[in-house]
Amino acid sequence: MSDITSSVPDDAEQAKSAPSDRATKGPLDEAEANPVRPYVDLGGVKILPRDGLQLRLEVEEGSQRVVAVGLDYAGSTLQVQPFAAPRTSGLWHEIRAQIADQIARQGGTTKLTVGPFGPELLAEIPATVAGQPGSKRLARFVGVDGPRWFLRGVIAGEGAVDQEAAAKIEELFRSVVVVRGKTPMPPRDLIPLHMPKSATNADDAPSAPTV
């Protein structure tokens with residue numbers, strides 16, 4: 001892969017990217033979360049149940065490893081993935097550039113915007129739709145650097161185009177708790193996810209470039 005971070009300043013590449021109120025409003029670290037709330041434990045993340053929320057796990061075909069959590073809520077889909085990160089520096093600025101490069105290779109386009117979590121990408125990604133050649137789907141790629149972890153979200157459906165729907169799915173992303181654990185992990189490694197005792201199957205979310 002060609003160098004895709006050369007246009008990112010060194011200081012930006014190392015800086016953490018997160019809302020100023022992340023430690024109180026989320027996404028939260030396990031140490032910051034209320035321990036008595038009835039979270040669904042998925043390993044690397046915990047999800048707070050709510051009416052109308054459907055949860056599914058995305059599994060890698062060969063290894064059967066859980067690689068992402070999919071959430072369907074209020075007409076939107078949210079895919080979340082937690083990754084190990086350095087203690088003092090962030091990953092989102094660099095990863096954002098890599099996502100834009102990968103989408104361009106797929107024939108899609110991205111636009112850098114600023115949302116409630118900071119910099120994000122609004123992407124148009126080629127989609128295969130029967131009888132509709134040249135179709136594209138819209139998706140928002142958001143990211144938050146936390147303490148020793150990075151949480152990536154991909155928002156599709158109404159939350160990518162409608163302001164009211166976006167607010168609902170953004171609040172859901174805020175409510176995610178990341179469980180980094182104490183096991184040493186290289187930065188950018190996926191924090192292990194696992195099946196809960198009860199998960200609801202739903203349609204697959206749009207696929208996203210891997211970190």
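The rules we used
Residues numbered from 1 in each chain as written. Predicted model: local features only at pLDDT ≥ 70, side-chain atom pairs only at ≥ 80, totals over all residues. Heavy atoms only, no water. Helix = DSSP H or I, 4+ residues; strand = E, 2+ residues; numbered from the N terminus. Buried < 20%, exposed > 50% of the residue type's maximum accessible area, 1.4 Å probe, protein only. Contact = heavy atoms within 4.5 Å. Areas by Shrake-Rupley, 256 points an atom, 1.4 Å probe, with all protein chains shown as cover. Pairing = 2+ DSSP bridges. pLDDT = per-residue confidence, 0-100. Phe/Tyr/Trp six-rings, centres within 6.5 Å; stacked < 30°, edge-to-face > 60°. Lys NZ or Arg CZ within 6 Å of the ring centre and 35° of its normal.

Sorry if this is basic, but what is going on with the overall build of the protein chain here?
The number of helices and strands found in the protein chain is four helices and 11 strands. Within the protein chain, buried positions represent 48% of all 211 residues. The contacts of the protein chain with a sequence gap of at least 6 include a subset with a gap of at least 24, amounting to 62%. Of the roughly 10,700 Å² that the protein chain leaves accessible, carbon and sulfur atoms contribute 50%.

Sorry, what's going on with the sheet that holds strand β1 (residues 28-29) here?
Strand order in this open sheet of four strands is β1-β11-β3-β2, and the pairing throughout is mixed. Lying at the two open borders of the sheet, with one neighbouring strand each, are β1 and β2 (40-41). Pairing geometry for β1 and strand β11 (residues 177-178), over two bridges, is parallel. Across the sheet, residue Asp29 finds its bridge partner in β11, namely Val178.

So what exactly am I meant to see when it comes to the pairing of strand β10 (residues 149-157) here?
Remark: a regular strand shows side chains that alternate across the two faces of the sheet. Taken across its nine residues, β10 has eight buried, putting it largely inside the fold. Across nine bridges, strand β6 (residues 76-84) lies against β10 in antiparallel orientation. Residue pairing across strands places Phe83 opposite Phe150, the latter belonging to β10. Examined bridge by bridge, strand β9 (residues 136-146) and β10 share eight bridges and lie antiparallel to one another. Paired with Asp145 across the bridge in β10 is Phe150. Counted between consecutive antiparallel strands, the loop separating β9 from β10 contains two residues, among which Arg148 sits at a positive phi close to 70 degrees.

Just to check I follow, could you spell out the confidence of the model for the protein chain for this structure?
Chain-level pLDDT for the protein chain is 87 on average; 86% of the residues reach the 70-or-more range. Low confidence marks residues 198-211, where pLDDT is under 50. Its contacts with residues over four positions away, or in another chain, come to 36 contacts.

What's the story with the packing of aromatic side chains in this structure? I'm lost.
Within the structure shown, the criterion is met by three aromatic pairs. Arranged with centres 4.9 Å apart and planes meeting at 80 degrees, the rings of Phe117 and Phe173 form a pair that is edge-to-face. Linking Phe117 in the loop between β7 (109-115) and β8 (118-126) with Phe173 in helix α4 (residues 163-174), this pair joins segments that are 56 residues apart in sequence. Neither residue differs from the other here; Phe117 and Phe173 are each classed as buried. An aromatic cluster of at least three residues, connected via ring pairs, comprises Phe83, Trp92 and Phe150. The lysine or arginine in question, Arg50, covers the ring of Tyr73, its NZ or CZ lying 5.5 Å from the ring centre.

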